[in-house]
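The primary structure of each chain is shown beneath.
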Amino acid sequence: MLGTSGLLYAQSASRSMWSGVYTTAQAARGKAAYTDNCSRCHGSALQGSDEIPALQGPQFLVDFDGSTVAGLVNRIHTTMPMDDPGHLNLATTTDIVAFLLQSNQVPAGSSELSSDPPAQSLIKFSAVNPNAK
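Notes on the structure in this doc start here.

Here is what the cut-offs are and how they apply
- Residues numbered from 1 in each chain as written.
- Predicted model: local features only at pLDDT ≥ 70, side-chain atom pairs only at ≥ 80, totals over all residues.
- Heavy atoms only, no water.
- Phe/Tyr/Trp six-rings, centres within 6.5 Å; stacked < 30°, edge-to-face > 60°.
- Helix = DSSP H or I, 4+ residues; strand = E, 2+ residues; numbered from the N terminus.
- Buried < 20%, exposed > 50% of the residue type's maximum accessible area, 1.4 Å probe, protein only.

## Topic: the packing of aromatic side chains
Right, on to step 1. In the structure shown here, the tally under the stated rule is 4 aromatic pairs.
Right, on to step 2. Ring geometry for Phe60 and Phe64: centres 5.5 Å apart, planes at 55°, overall tilted. Separated by 4 residues within a single helix, Phe60 and Phe64 lie in helix 4 (residues 58-64), roughly one turn from each other.
Right, on to step 3. For Phe60, a relative accessible area of 2% puts it in the buried group.
Right, on to step 4. Ring centres of Phe60 and Phe125 lie 6.0 Å apart, and the angle between their planes is 85°; on these two criteria the pair is classed as edge-to-face. Within this pair, whereas Phe60 is found in helix 4, its partner Phe125 is found in the segment after strand 2 (123-124), the two being separated by 65 residues in sequence. The residues Phe60 and Phe125 share a single accessibility class, namely buried.
Right, on to step 5. Pairwise contacts between aromatic rings join Phe60, Phe64 and Phe125 into one cluster.

The structure is reproduced here in structure tokens:
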């Protein structure tokens, strides 16, 4: 029965990425890390290229829709940069994700996005802002 109550807590504690899950200061750190580690492939405007996916815009949001922020952080952490996968630590990768969220008009909040994967797994990635009218 203890396992069930833990599951219920996790379900009730989950929230949307649209609820302010990072800070602007964290996104600024992420932008600097993105510029140093990602922009040479994904572009300074996150536009991607023929073979490199864009990290801003509707397709990016759809690609991760239904996932969690942990899924995005893990993907970047384990596969990027392409010439040195796993080079970025979790804190830097989390900051980059904060920058990606900001670049996709996801609003900032008052608390930083945690670099703890279990905490990140409680944040749902959604292509559509449920608060938009």
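This is not the end of the story, as more comes after the structure.
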